[in-house]
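Spelled out from the first residue to the last, the chains are:
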Amino acid sequence: MSPENVASVLGPEQSTAEAEAEATAGGVWLRAFVRNRLAVTGLVVIVALLLLSFVGPLFYHTDQVHTRLGMETLAPGAGRPLGTDDVGYDELGRLMVGGQTMLEVAFGAAAVAVVLGVLWGATAGYFGGLLDALMMRIVDALLAIPAILLLLFLATVFRPSVLMLIIVVGVTAWLVPARLIRAEALSLRSREYVLAAKTMGVRSPTIIFRHIITNSLGTILVNATLQVADAILLVAALSFLGLGVAPPATNWGAMLSDGLNYTYSGFWWLTYPPGIAIVLTVLAFNVVGDGLRDAFGLDTRRG
Amino acid sequence: MNAPATRRREEQPAAAPVLQVSGLDVDIRLPSAVVHAVQDVSLEVWAGETVGVVGESGCGKSTLGLALAGLLPPEAETRGSIRQDGRELVGLRERELRGIRGAEVGIVFQDPMTSLNPTKRIGAQVGEALRLQRGASKAAALRAAADMLDRVGLPRPREQLDRFPHELSGGMRQRVVIASALICEPRVLVADEPTTALDVTTQAQILELFDGLSAELGMATLLVTHDMGVVAGHANRVFVMYAGREAETGATETIFETPRHRYTGALLGSILRMETPRKSRLGTIPGRPPDLTAPGTGCPFAPRCTAASGECTSQLPAASEEDGHRWSCYHPLDAQETKRIPEAQR
Amino acid sequence: MIRFLRQRCSQAVVVLLLVSVIVFGLLHLLPGGPARAILGTHATPTNIAAFNQQNGLNSPVPVQYWHWLTGVLSGNLGFSYVQNESVSSLLAQRLPKTALLAGVSVLLAVLIAVPVGFFQAVRRHRAGDYVVTTVALVLYSTPAFWVGILLIDVLAVRLRVFPAEAPQGSFSALISDPQALVLPVLTITLVTVAGFSRYIRSSVLDELAQDYVRMARSKGASRRVILFGHVLRNAAGPVVTLLGLSLPFIVSGTLITEYVFNYPGIGLLAFDAATSQDYPVILGVVIVVGAATVVGSLLADITHAILDPRVRASAGIG
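Figured I'd write up the structure that's included with this text. What you see is a predicted model; the values in this text were computed from it and never measured.

### A short note on the overall build of chain C
Helix and strand counts for chain C come out as 14 helices and two strands. Each of the three principal axes of chain C carries a C-alpha extent, and together these read 80 × 55 × 30 Å. Looking at chain C residue by residue over its 318 residues, the buried ones come to 44%. Contacts in chain C between residues far apart in sequence, at least 24 positions, make up 71% of those at least 6 positions apart.

Take a look at the structure:
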């Protein structure tokens, strides 16, 4: 038990950025994360969902391409654990296929968002001055436009597909990591080791990558996880509005939208499974993100 | 259990000590372990005198200070006795402790910037204790605050009342913090590393301020610090702590001229003094402070001590006392070794 | 303070200009050019040429932008050929309704989240905190439309307590039927309250760990004095900023809720426009919402500066 832990009980001493840098080094954060039972549970749920969506169909064969009219909206029973939907597809199989799309888009969009956002924010924060001001005003302007509206507009212009969804969602989501990393870069660029590197003549891109970004890894990781959660919500909303991928592909949001028509008829298996799946997945990613944030000792007000 | 060290015969005042600590134990319960931060500490402080509590980070000196101010977190468990003017503080309920804080015991922390609420004006913060403890009106508290700010040497005190903490320099802020801690004229002042965050010149000024106020208000002052230089100039007596325990205690001149505990000797050897020969290297103490969650048997300093022997690791040494000077060491330094300390061999 | 105001206001103006540039860019990004987009797929080349001539679309781009911008600033947001009405008049009808919905929901959310967040922080790690934190986490992870659907399912369909759809008439029709507002407001509130209370909880926790709280305790302050006399003011600033930053999120939630409840606000307007490819309307909504968000953020920042003197002094950063 280090004096630092006792000190944390007796009074604050370290600044957050220093704490983060310390937690990043030596994998301290990993050990702290593993001790957080809730976070580990979240991770387990995520892995389970990944398996269900991608490995599940290998064991549970259903036809997701040909409709089977005459078999529609059957309640759960023998051979169909979750019943069938309004065109005869097996609901559980639909859930798996839907999960594939959701997770693909969510991970892809999160990756795009994080890469774009980190590069933008690190550059803005590191160089500061007019460049920073301009880059951040652009971020502010894009942030002022609600993603849904932007996506509505873009979705009517482009053909919906998994790739398009990834790009479109990623392009609206990069703003938050940009802001976060810019803040990190601002505080890190006056650290002695950065100044030393500059004096030694190290070129800016190298400094940005080796010092600024590597020391913000905690923030980046936390934000990436939360981005996945947000992306799932966004894709679900988009698909719910009818702007997602075209059939026979589907995702949970679209399933909810389709099933909505049948709530009045009491066909609960058409809406509750996808709804619960969304909540569970987003919850899991949020919990993992929170756990990572605690493990890195980050300020909850950022990230 | 150690009884508090007796003072040198000539110096024994008639009055009882303001602060009397006996056999104090403080344990901190963390989720994964229990930290034995303070173990069997006994000391006394009289009115008007300053006791310097020294030791490295993690030795328990801050915990001791917090215990005296009644500010330990809920995870802390206290045993033993702390008497302030005869009143027992250990075991008091939060309500009763609240009445004592600020009024009887004041505390000053290390970082003046974070000790002050950034969104409240100086005047309000300095006068706060007066309003809380004595029910003073806003106007009366502000008047008293201006007076106190003057006493701590802040220029143009009336103008400062309306300003915010971030508008002042570090030294001025620490004066404000001191003023706010002393406004009720408490009997005891705990100063936890009060000058560590300040530059050297300001340090000297603040320490002189402490000297003056201590005498003026007749307070019992505890100066908690890791800096032997601070202690040398501004403490009447010294209390050296290691791993939560008392290592050595006595009058300042005695400790500096004739240290007995090996740890004290090592500490003195690691600082720069007038007598240190020019071309020598400063000594360091090898090893690391012990893990307070698992105090072993024997002297806690033994693993890092150059003179440690078998008995050092198996049993805690009993305290030896001589004329107000007390130490707990099986192999105390003798006169020869003490003379060599300025050469910083160890 | 003046310096701070000057800086923030000039920043806001720059952002507004950028928003206008983005919208203008989107208008011209449309395949086939804005003329085809606005007139629709049935437009003949003659129509398009006439339209281009009329609307100055043959001039160089910066000139077009200037004309368009001055038009917007004087209230001309274009014309919807689909609805056969000017965009500004459409917006004028719908905007107050959305403002009502969003305003009431946010107010409610703040009024609930602040005490809840404080409660969570003070009772940290005890049963009360765990329960509330869990509920908040689940709410936070639920999409707005799902909340709306569940509310409809339970309260409107099964229990028949509230109507499932909002009245379609004028603004006064809405106000005179408060029952119809309950479910939509509840939807948005539930979704926002979760995030707010989480933030407030950690904000309060951060403040409680500060040295000045220890200092106040050392002077004999009780928990109540600390919470209300010290922490509240310090935690309020970041909360106000949070409000400003959350505006886009709140607006998104409102738009989706309008869709679910068929609420006649600008959200529903935008969706209908999207399905009928009525681009002037969509872009009109984008610009109005964007401007409102920027102004809202600005107001939030100014309020934060009023609450926290350090913010006023730090003008010059970013």
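Now that the structure has been shown, we can carry on.
### Remarks on unusual backbone geometry
The phi angle at B:Ala243 is positive, at roughly 50°, despite the residue not being glycine. Turning to its location among the elements, B:Ala243 is positioned in the loop between β9 (237-242) and β10 (245-251). By the C-beta count within 10 Å, which is 23 here, B:Ala243 ends up buried. One non-glycine residue, C:Asn262, lies in positive phi territory at about 55°.

### What to know about the interface of chain C and chain A
The interface of chain C with chain A comprises 46 residues on the first partner and 39 residues on the second. Contributions of two or more residues to the side of chain C that touches chain A are made by α1 (2-29), α6 (127-140), α7 (144-158), α9 (178-208), α10 (211-218), α11 (223-261), α12 (266-275) and α13 (279-307) of chain C. Looking at the side of chain C that touches chain A residue by residue, the class counts come to 32 nonpolar, 11 polar and three charged.

### Section: the sheet that holds strand β4 (residues 76-84) of chain B
Residues and elements named next belong to chain B. In space, the four strands of this open sheet follow the order β2-β1-β4-β5, with antiparallel pairing throughout. Looking at the sheet topology across the chains shown, the edges are occupied by β2 (34-45) and β5 (87-88). Bridge count between strand β1 (residues 19-29) and β2: eight bridges; the pairing is antiparallel. Pairing of Arg29 across the sheet is with Val34, part of β2. Sheet strands touched by helix α1 (residues 61-68): β1, β2 and β4. Its angle to β2, the strand with the most contacts, is close to 65°.

### Quick word on the pairing of strand β3 (residues 50-54) of chain B
Residue and element names in this part refer to chain B. In terms of burial, β3 is largely enclosed, as five of its five residues are buried. Burial of the side chains of β3 extends over both faces: Thr50, Gly52 and Val54 are buried on one face and Val51 and Val53 on the other. Examined bridge by bridge, β3 and strand β8 (residues 220-225) share five bridges and lie parallel to one another. In the sheet register, Val53 faces β8, and the bridge partner there is Val224. Examined bridge by bridge, β3 and β9 share four bridges and lie parallel to one another. Following the sheet pairing, Val53 is matched in β9 by Phe239.

### So, the nonpolar core
Residues A:Ala231, A:Ile232, A:Val235, C:Val19, C:Ala270 and C:Ile282 are the most contacted members of the largest nonpolar core, which totals 164 residues. Looking at which element gives the most residues to this core, the answer is helix α5 (residues 91-127) of chain A, with 18 residues. Setting aside residues up to four positions removed in sequence, C:Ala270 forms contacts with A:Leu149, A:Leu152, C:Leu255, C:Ile282 and C:Val285. Core analysis: the next-biggest nonpolar cluster, separate from the first, contains 102 residues, B:Val176, B:Ile206, B:Phe301 and B:Cys305 among them.

### Here we look at the sheet that holds strand β7 (residues 188-192) of chain B
All names here are of chain B. The eight strands are arranged β6-β7-β8-β3-β9-β10-β12-β11 in an open sheet whose pairing can be described as mixed. Looking at which strands have only one partner, the edges of the open sheet turn out to be β6 (105-108) and β11 (320-322). Each strand axis lies, on average, 15° off the axis of its neighbour in the sheet, ignoring direction. Here β6 pairs with β7 via four bridges, running parallel. In the sheet register, Val105 faces β7, and the bridge partner there is Val188. Together, β6 and β7 form the strand contacts of helix α7 (residues 170-182), whose direction differs from that of β6 by roughly 170°.

Rules used throughout
Residues numbered from 1 in each chain as written. Chains lettered and ligands numbered in written order. Predicted model: local features only at pLDDT ≥ 70, side-chain atom pairs only at ≥ 80, totals over all residues. Helix = DSSP H or I, 4+ residues; strand = E, 2+ residues; numbered from the N terminus. Buried ≥ 20, exposed ≤ 12 C-beta atoms within 10 Å, placed from the backbone. Contact = placed C-beta atoms within 7 Å. Nonpolar A, V, L, I, M, F, W, Y, C, P; charged D, E, K, R; others polar. Pairing = 2+ DSSP bridges. Axes fitted to C-alpha atoms, helices over the stretch in contact; angles between N-to-C directions. Core = buried A, V, L, I, M, F, W, Y, C linked by C-beta atoms within 7 Å.

Take it as geometry only, folks, not as evidence of what the structure does.
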